Amino acid sequence: MSALYLSGSHSTALAGADVRALAAAQNGTSGTELFWDKIREEFVIEKDLNILNAANMTPTPKVVHDTVIEHTLDMERNCSFQNRAKYRDLTEKSREFIAGFLGADTDEIGFVRNTSEANNTVINGLDLGPDDEVLIWDQNHPCNNIAWHQRAERLGFKVVTVSTPPILNTTEDLLRPFKEAINSRTKVLAFSHISNQTGTSLPGKEMTELAHAHGAKSLVDGAQTFGYMEIDLHDMGCDFYTSSGQKWILGPREASFVYVRRDAQEELWPNIVTVGWERVKEQGAKKYESLGQRDDGRLWALGRAVEFHQMIGQKRIENRINDLAAALRGHMQEKIRDIDFLTEQASGYNSGIIVALISNTDAPKAAQKIYDNYRIAGAIGGNDSVLRVRLCPHIYNSMEQMERVANYISLSI
């Protein structure tokens, strides 16, 4: 049986060999439009829906949702201990896929549900006190921002928040505010690898080196980079890396992981201890996944999503997303009046997230029209006369869509 085909599934996915053959036939790491047309056939997206919301949630390729459906049915038919025993091997295979994909070791990967749970695993698991500081970016997601403040209310440590300038020309522009704020009391430097608010990217390796130079740990929220860009966690050197399965990796909902560097595991307490603790407490990051009953089939489906990326080639996927985002931004700039892009980045720090403000419009009315009339699904809203638009393309989008979406938005304001 092919690695990308499950018997009994309700739809026909490309066989793994077919995906590899298609990818191998491409010249370079971009891929032809015919190649991406074929890859888009692996998604069952509603006709005429322009889904551009990868920073929040993505559809899954057939191999992923077929895996979820097949294993859900399997559990309904037979939820015995004996039948469920197979998930020990499948879960470990998924762990191997993820570790290999991210340049980590298998004993540094612990399964959780999403980035929020992963970040809070770290936030609630560290020993911090009144003399300690945690340094965060003001563009962090709430689960890596507000969550720190809530924990500080209980433990008494100080949370220091920094901002990066709106216009960035160099890597140093990104690093300078953190260099100015970090000190000997800083115990953790916690930041989003890419901000979901603006699409601005931070240099993970340099930020981690800054933290370690001051004796601090680094927590990298990778919700917007896992599945978008090539990642090597050992090269980055971070102590903790978190992410979600339902975003750029094209995986199932409620299945993800927390990476805890081996040397940092002694300093991170588990949040939940339950059945099986004696078995996992000495097995590295597995002690952070002692969560009780869960949908093990989804963990295997997450591994299949990683496998899908590897067959296409992660660098090819990253380049495709960047090409789509650049085309979309160019069309929006050309067609939409009064547009101001918030996504400003230092050279070389790309992002698949486009965030823009469109002024002089009836924002609530325009947002409703954009979805109801033109079927554009992104993070689109706003109050009064300023429309806020966040659009995030992925490999299930086409170049033709990028121009069409820009045109539709221009007709809605």
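Placed above this text is the structure.
All values derive from a computational prediction rather than experimental measurement. (Residues numbered from 1 in each chain as written. Predicted model: local features only at pLDDT ≥ 70, side-chain atom pairs only at ≥ 80, totals over all residues. Heavy atoms only, no water.)

Asker: Even after reading the chapter, I still don't get the overall build of the chain, so can you show me in this structure?
Answerer: When its secondary structure is counted, the chain shows 15 helices and 13 strands. Taking 22 Å as the expected radius of gyration for a compact globule of 413 residues, we find that the chain reaches 22 Å, a close match to that expectation. The principal-axis extent of the C-alpha atoms belonging to the chain is close to 60 × 55 × 40 Å. With 413 residues in all, the chain has 56% of them scored as buried. Put simply, 71% of the contacts in the chain that link residues at least 6 apart link residues at least 24 apart. Accessible surface, the chain as shown: approximately 17500 Å² in total, 47% of it carbon and sulfur. (Helix = DSSP H or I, 4+ residues; strand = E, 2+ residues; numbered from the N terminus. Rg over C-alpha atoms; globule rule 2.2 N^0.38 Å. Buried < 20%, exposed > 50% of the residue type's maximum accessible area, 1.4 Å probe, protein only. Contact = heavy atoms within 4.5 Å. Areas by Shrake-Rupley, 256 points an atom, 1.4 Å probe, with all protein chains shown as cover.)

Asker: What exactly am I supposed to notice about the sheet that holds strand β12 (residues 379–381) here?
Answerer: Two pairing modes exist for strands in a sheet, parallel and antiparallel, and in both the strands are linked by backbone hydrogen bonds. One open sheet holds the 4 strands; their spatial order is β9-β10-β13-β12, and the pairing between them is antiparallel. With partners counted over all chains shown, the strands left at the sheet margins are β9 (339–341) and β12, one partner each. Strand-to-strand twist in this sheet, taken as the mean axis angle between neighbours without regard to direction, amounts to 20°. Note that β12 and strand β13 (residues 387–391) share 3 bridges and pair antiparallel. Bridge pairing links I380 to V389 in β13. (Pairing = 2+ DSSP bridges. Axes fitted to C-alpha atoms, helices over the stretch in contact; angles between N-to-C directions.)

Asker: Could you clarify how one ought to interpret the nonpolar core in this entry?
Answerer: When a protein is soluble and globular, its nonpolar side chains tend to lie buried together. In this structure, F178, F226, L233, Y241, F257, I312 and I395 are the most contacted members of the largest nonpolar core, which totals 74 residues. Each residue touching I395, except ones within four places of it in the same chain, is listed here: W36, I39, R40, F43, L250, F308, I312, I317 and R320. A367, Y374, I376 and L387 belong to the second-largest nonpolar core, a separate cluster that totals 25 residues. (Core = buried A, V, L, I, M, F, W, Y, C linked by side-chain atoms within 4.5 Å.)

Asker: Got a minute to help me understand the packing of helix α2 (residues 33–40) against helix α13 (residues 314–335) in this structure?
Answerer: Two numbers describe a pair of packed helices, the interaxial angle and the distance between the axes. Put simply, α2 and α13 touch, their axes get as near as 13 Å, and they point 100° apart. The angle between α2 and α13 falls in the class roughly perpendicular. Of the residues in α13, those touching α2 at E33, F35, W36 and R40 are R316, I317 and R320. For the contact of α2 with α13, the residue count by class is 3 nonpolar, no polar and 4 charged. (Parallel < 35°, antiparallel > 145°, perpendicular 65-115°, else oblique. Nonpolar A, V, L, I, M, F, W, Y, C, P; charged D, E, K, R; others polar.)

Asker: What is the right way to read the environment of S192 from this model?
Answerer: Mapped onto the elements of the fold, S192 is located in strand β5 (residues 186–192). Overall, the relative accessible area of 3% leaves S192 in the buried class. Distance in space between the C-alpha atoms of S192 and Y374 is 32 Å, their sequence separation being 182 residues.

Asker: Got a minute to help me understand the sheet that holds strand β3 (residues 133–137) in this structure?
Answerer: On the basis of which strands lie adjacent, the open sheet formed by 7 strands has the order β2-β8-β7-β6-β5-β3-β4 and mixed pairing. Bordering the open sheet on either side are β2 (109–112) and β4 (158–162), each of which pairs with just one other strand. Here the strands of the sheet are splayed against their neighbours by 20° on average, with no regard to which way each runs. Both β2 and strand β8 (residues 256–260) contribute to a ladder of 4 bridges, which runs antiparallel.

Asker: Honestly, unusual backbone geometry in this entry has me stumped. Any pointers?
Answerer: Glycine aside, a negative phi is what most residues show, and trans is what most peptide bonds show. The phi dihedral of L250 falls on the positive side, at around 65°, and the residue is not glycine. Considering the arrangement of structural elements, one finds L250 in the loop between β7 (240–243) and β8. Phi at E254 is positive, roughly 60°, even though this residue is not glycine. Along the chain, E254 falls in the loop between β7 and β8.

Asker: It is not clear to me how helix α3 (residues 62–77) should be interpreted in this structure. Could you clarify?
Answerer: Residues that lie three or four places apart on an α-helix share one face, since the helix turns once every 3.6 residues. Taking 1.5 Å per residue as the helical rise, α3 with its 16 residues ought to reach 22 Å, and the 22 Å between its terminal C-alpha atoms agrees with that figure. All of the buried residues along α3 are K62, V63, V64, H65, D66, T67, V68 and H71. (Expected span 1.5 Å × (residues − 1).)

Asker: What's the story with the environment of V386 in this structure? I'm lost.
Answerer: Here V386 lies in the loop between β12 and β13. Taking C-alpha positions, V386 is 28 Å from W248, a pair spaced 138 residues apart along the chain. Discounting residues that sit within four places of it in the chain, V386 has contacts with L357, I358, S359, T361, A363 and G381.

Asker: What am I meant to see in the packing of α13 against helix α15 (residues 399–412) here?
Answerer: Viewed as axis vectors pointing N to C, α13 and α15 meet at an angle of 30°, and their least axial separation amounts to 9 Å. Viewed along their axes, α13 and α15 adopt a mutual orientation that is roughly parallel. Considering only the axes of α13 and α15, their crossing is right-handed. Listed contacts from α15 to R320, D323, L324, A327, L328, H331, M332 and K335 of α13 are M399, M402, E403, V405, A406, N407 and S410. (Left-handed = near helix turned anticlockwise from the far one by under 90°.)

Asker: Whenever I open this one, the layout of surface pockets confuses me. Can you help?
Answerer: Picture a little ball the size of a water molecule; that probe, rolled over the atoms, points out where space is still empty. Empty space within the largest pocket amounts to approximately 880 Å³. Taken together, 23 residues line the largest pocket, and the ones lying closest to its centre are R88, R279, G292, R294 and D296. If you list the elements that add at least two residues to the lining of the largest pocket, you get α4 (81–84), α5 (87–102) and α11 (277–280). Counting residues per element, the lining of the largest pocket draws most heavily on α5, which supplies 5 residues. Residues of the lining of the largest pocket, tallied by class, amount to 7 nonpolar, 7 polar and 9 charged. (1 Å grid on protein atoms, 1.4 Å probe; cavity = no way out; pocket = protein on both sides within 12 Å on 5 of 7 lines; lining within 4 Å. Points joined across faces, edges and corners; volume = space filled by probe spheres on them.)

Asker: Can you help me understand α5 in this one?
Answerer: In this model, α5 (16 residues) spans 22 Å end to end at C-alpha, consistent with the 22 Å of a helix rising 1.5 Å per residue. Those residues of α5 not exposed but buried are Y87, L90, T91, S94, R95, F97, I98, A99, F101 and L102. A positive phi of about 65° marks G103, the residue just after α5.

So far we have only geometry, and geometry alone does not tell us how the molecule works.
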